[in-house]
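Fold and contact review
Residue strings, one per chain:
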Amino acid sequence: MKLACQENMVPGRDLKEKLDKLAAWGYEGIEFWGRGLASRVDEINSACDNMPVKPSSICAGYRGCLLDPDPEERNLAVSDIKELLRVAADIGAAGLIFVPLFGGPRIPDLSPYADAIALEKRLLIELCKDLAAYAQEVGSLLLLEPLNRYETHLICRLEQGEEICDHVANPHMMMMADFFHMNIEEQVIEKAIREHGKYVRHIHLADSIRWLPGYGHTDFRSGFQALADIGFEGYMALECHIPGPPDEELPKCAEFLRAQMP
Ligand code: LER
Ligand code: MN
């Protein structure tokens, strides 16, 4: 259970300064947004060389949409996701976080043959089989992120992500769990992790109001205990608003989070 923070949340003139600060504040990982990251591999590898803070993960940043009716949109998403899976391997990050679809269905309802959700799930499983095989080839993980109902209609809870991973059946097809989304969608976060967390390899941290942990009412202690009990050993990366000066808030938050860990 290692703490990480998204790059854009950390003040600093360059990556090296951000890594120095994160290390001094007790963080062990940094998560990058994917857009344009292929051109930064050398910069990231040289900044992270001999540093205690390592790249934990890449968050999204691909073009296109996996579940669009237009094959060109789907192919664009597939090729960008593959590129970012390779970038993740090149910088030593665990993998690429992806969201199957933002918003409502784009695929038409073909009832009585199949409704949009049934078609979306089948398509997602087929595409993820190909993407997971590529992740396996390059040594990376495809990390499916369930989002709350206001951002997607399709995969909102860990149980729904688990169903997709079961069908893809490749050890490089995994999931991540975001405490902000779980707070909205899961009955009890701890229970969801215990019952449906077997594919979880990465975590996003934010409190109930999507501010830094400690500012809302999410119970991190029981969630962390559940993660420890299922053997989670990955990174937990902050993805949230910082309600104050980051140079004061980020070290305080690391201390708060460590106090919630078993
Ligand atoms: C969006 O709400 C989110 O949590 C991001 O991690 C999406 O990739
Ligand atoms: Mn997230």
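Remember, it's a predicted structure, so these values are computed and weren't measured experimentally.

Brief notes about the coordination of the manganese ion (ligand 2)
- Looking at the manganese ion (ligand 2), one finds its protein donor set to be E145 (OE), D178 (OD), H204 (ND1) and E239 (OE), positioned 2.1 to 2.2 Å from the metal centre.
- Here the manganese ion (ligand 2) is ringed by 6 donor atoms whose angles at the metal span 70 to 173 degrees, and the overall shape comes out octahedral.
- Taken in sequence order, the residues that donate to the manganese ion (ligand 2) follow the motif E-x32-D-x25-H-x34-E. Separated by 26 residues along the polypeptide, D178 in strand β6 (residues 173-178) and H204 in strand β7 (residues 200-205) bring together distant segments of the chain. For the pair shown, D178 and H204 are each scored as buried.

As for the site of ligand 1
- Taken together, C59, V99, E145, L147, E151, D178, H181, H204, R210 and E239 make up the full set of residues near ligand 1.
- Interatomic distance of 2.6 Å between a side-chain N/O atom of E151 and an oxygen atom of ligand 1.
- Within the contact set of ligand 1, an oxygen atom lies 2.7 Å away from a side-chain nitrogen or oxygen of R210.
- Starting from 260 Å² of accessible surface for ligand 1 in isolation, the protein chains cover 93%.

Points about the nonpolar core
- Within the largest apolar cluster, 89 residues are counted, with the highest numbers of intra-cluster contacts made by Y27, L66, M173, F179, L205 and L238.
- Once you skip the residues sitting within four places of it in the chain, L238 turns out to touch A4, C5, Q6, M9, Y27, L205, L212, P213, L250, C253 and L257.

Description of the packing of helix α8 (residues 220-229) against helix α9 (residues 246-260)
- With their axes 8 Å apart at the nearest point, α8 and α9 run at an angle of 60 degrees to one another. Considered as vectors, α8 and α9 are oriented oblique to each other. When α8 is examined against α9, the residues F220, R221 and F224 are found in contact with a partner set consisting of F256, L257, A259 and Q260.
- Classifying every residue of the contact of α8 with α9 gives 5 nonpolar, 1 polar and 1 charged.

Focus: the pairing of strand β4 (residues 95-98)
- In terms of strand pairing, strand β3 (residues 54-59) meets β4 through 2 bridges, oriented parallel. Within β4, the position partnered with C59 by the bridge is I97.
- Inspection of the sheet shows β4 paired to strand β5 (residues 141-144) by 4 bridges, in the parallel sense. Bridge assignment links G95 to a residue of β5, and that residue is L141.
- Regarding topology, helix α4 (residues 116-138) serves as the crossover connection from β4 to the parallel β5, and that connection is right-handed.

Examining the sheet that holds strand β8 (residues 235-238)
- If you walk around this closed barrel you meet the 8 strands as β1-β2-β3-β4-β5-β6-β7-β8, and the pairing is parallel. Each strand of the sheet is rotated relative to its neighbour by a mean of 30 degrees, with strand direction disregarded.
- Inspection of the sheet shows strand β1 (residues 2-6) paired to β8 by 4 bridges, in the parallel sense. Looking across to β8, one finds that C5 is bridged to L238.
- Across the sheet, helix α1 (residues 15-25) touches β1 and β2 (29-33), and the angle it forms with β2 is around 140 degrees.

Cut-offs and rules
- Residues numbered from 1 in each chain as written.
- Chains lettered and ligands numbered in written order.
- Predicted model: local features only at pLDDT ≥ 70, side-chain atom pairs only at ≥ 80, totals over all residues.
- Heavy atoms only, no water.
- Donors = N, O, S within 2.8 Å, 3.2 Å for Na, K, Ca; no water.
- Tetrahedral: all angles 85-135°; square planar, octahedral: opposite > 155°, others 65-115°.
- Helix = DSSP H or I, 4+ residues; strand = E, 2+ residues; numbered from the N terminus.
- Buried < 20%, exposed > 50% of the residue type's maximum accessible area, 1.4 Å probe, protein only.
- Near = heavy atom within 4 Å.
- Polar contact = N/O pair within 3.5 Å; in protein donor to acceptor, adjacent residues only side chain to side chain.
- Areas by Shrake-Rupley, 256 points an atom, 1.4 Å probe, with all protein chains shown as cover.
- Core = buried A, V, L, I, M, F, W, Y, C linked by side-chain atoms within 4.5 Å.
- Contact = heavy atoms within 4.5 Å.
- Axes fitted to C-alpha atoms, helices over the stretch in contact; angles between N-to-C directions.
- Parallel < 35°, antiparallel > 145°, perpendicular 65-115°, else oblique.
- Nonpolar A, V, L, I, M, F, W, Y, C, P; charged D, E, K, R; others polar.
- Pairing = 2+ DSSP bridges.
- Right-handed = clockwise from strand over helix to strand, strands pointing away.

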